[in-house]
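# Observations on the model geometry
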Amino acid sequence: NPGQAFRVSSRPSLRALLPAYRSLVGEADRWFAQALEAHEDEGVQCGRGCYRCCLGPFDISAADALLVAEGYRQANPGQRQALRFRAHAQLGEIRLFAPEWPDPWRVEALTEERFDEICDALSDARCAALADDGSCLIYDHRPLICRLHGLPMYDPTTSRDCGGACDLNFPPYDLESKLALHFAHADFVRRETELIDAIEGQIQRPDVASTVVAAAL
């Protein structure tokens, strides 16, 4: 089972950390929902059936891998079968292109350049969690990056364009005046990093680390 390494431990400390991470993820969801509502008249394409940003493998944190694995466990039998099939198919493609990358597909096992090569080579591959109709089979448990990508983001605490805008949506201009797009990203990343480090410390398994969605399923 490619996701065996990411099954949630029963330790109370980890059970406390995961809700804290879900709460953090909820902050991202609320920002995106408010930003989407504020700019819905600008032709935003984000929504069910649009999967422009769901192509190609990408790295997710150990915390996200735990959420993805939880989403797999909570899916219905038909969805789990589809997820298993898609995950094994994508991992098979990865094996063909990068036979040196061993199970459980820790991103840290590769150089940054090699991981980027794999992502570029498989850039047209559909995410293993993507259904035929373009919806996400683990939507409530999708990784953090899936929740933030699509709309421009501006951090007023650092006066920085944080990227993430999809070219199908409106361009990232005049962000300082668009208050719905403001998000304290630097502080968010700090708290995210602290939680991920704490979660990895509680699990204390070398095979639980940053990976790809297919390996976490």
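Reference entry: report on the structure contained in this document.

What counts and what doesn't
Residues numbered from 1 in each chain as written. Predicted model: local features only at pLDDT ≥ 70, side-chain atom pairs only at ≥ 80, totals over all residues. Heavy atoms only, no water. Helix = DSSP H or I, 4+ residues; strand = E, 2+ residues; numbered from the N terminus. Contact = heavy atoms within 4.5 Å. Axes fitted to C-alpha atoms, helices over the stretch in contact; angles between N-to-C directions. Parallel < 35°, antiparallel > 145°, perpendicular 65-115°, else oblique. Nonpolar A, V, L, I, M, F, W, Y, C, P; charged D, E, K, R; others polar. Phe/Tyr/Trp six-rings, centres within 6.5 Å; stacked < 30°, edge-to-face > 60°. Buried < 20%, exposed > 50% of the residue type's maximum accessible area, 1.4 Å probe, protein only. Lys NZ or Arg CZ within 6 Å of the ring centre and 35° of its normal. Salt bridge = Lys/Arg side-chain N within 4 Å of Asp/Glu carboxyl O. Patch = residues over 30% accessible without salt bridge, like charges linked within 9 Å, V, L, I, M, F, W, Y side chains within 5 Å. Areas by Shrake-Rupley, 256 points an atom, 1.4 Å probe, with all protein chains shown as cover. Lys, Arg positive; Asp, Glu negative; His and termini not counted. Charge placed at Lys NZ, Arg CZ, Asp CG, Glu CD. Polar contact = N/O pair within 3.5 Å; in protein donor to acceptor, adjacent residues only side chain to side chain.

Time to look at the side chain of Glu 70. On the secondary structure map, Glu 70 appears in helix H2 (residues 62-74). Setting aside residues no more than four positions away along its own chain, Glu 70 makes contact with Arg 22 and His 141.

This part takes up the packing of H2 against helix H6 (residues 185-203). For the pair H2 and H6, the least separation of the axes is 8 Å and the interaxial angle reads 70°. One finds that H2 runs roughly perpendicular with respect to H6. Along its contact with H2, which presents Ala 62, Ala 63 and Leu 66, the element H6 presents Ile 196, Ile 199, Glu 200 and Ile 203. Looking at the contact of H2 with H6 residue by residue, the classes come out as 6 nonpolar, no polar and 1 charged.

We describe a pair of aromatic rings using the distance from one ring centre to the other and the angle between the two ring planes. This model, assessed by the stated rule, comprises 4 aromatic pairs. For the ring pair Trp 31 and Phe 32, a centre distance of 6.0 Å and an interplane angle of 70° mean the geometry is edge-to-face. Of the two residues, Trp 31 and Phe 32, both sit in the buried class. Linked through ring pairs, Trp 31, Phe 32, Phe 183 and Phe 188 together constitute an aromatic cluster. Taking NZ or CZ as reference, Arg 126 lies 4.7 Å from the ring centre of Tyr 51, over its face. The ring of Tyr 139 carries Arg 142 above its face, with NZ or CZ at 3.8 Å from the centroid.

Let's shift gears to the pattern of salt bridges. Side-chain pairing between opposite charges can occur once the charged atoms of the two side chains come close. A full pass over the atoms with the stated rule returns 12 salt bridges. Two residues, Glu 100 and Arg 114, come together in a salt bridge whose shortest N-O distance is 2.6 Å. You can see Glu 100 sitting in the loop between helix H3 (77-97) and helix H4 (112-121) and its partner Arg 114 sitting in helix H4, a full 14 residues away along the chain. The shortest N-O distance in the salt bridge between Glu 117 and Arg 114 comes to 3.0 Å. Note that Glu 117 and Arg 114 are positioned in helix H4 at a spacing of 3 residues, about one turn of the helix. Within the structure, one salt-bridge network assembled from shared partners comprises Glu 27, Asp 187, Arg 190, Arg 191 and Glu 194.

So, about unusual backbone geometry. Residue Pro 104 is reached from Asp 103 by a cis peptide bond, and omega for that bond is 15°. With respect to the helices and strands, the residue Pro 104 is situated in the loop between H3 and H4. One non-glycine residue, Trp 105, lies in positive phi territory at about 60°. Along the chain, Trp 105 turns up in the loop between H3 and H4.

In this fold, Glu 194 is placed in helix H6. Glu 194 sits in the partly exposed class, given a relative accessible area of 46%. The sequence separation of Glu 194 and Leu 83 amounts to 111 residues, and the corresponding C-alpha distance is 30 Å.

Where like charges cluster on the molecular surface, the negative patch consists of Asp 59, Glu 108, Glu 112, Glu 113, Asp 116 and Asp 120. Note that Glu 108 resides in the loop between H3 and H4. For Glu 108, a relative accessible area of 45% gives the class partly exposed.

Time to look at the side chain of Arg 142. Relative to the helices and strands, Arg 142 resides in the loop between H4 and helix H5 (144-148). For Arg 142, a relative accessible area of 11% translates into the label buried. A polar contact of 2.7 Å, which involves the side chain of Arg 142, links it to the backbone oxygen of Tyr 139. Sequence-distant contacts of Arg 142, that is, excluding residues within four places in its chain, are made with Asp 29, Cys 136 and Arg 147.

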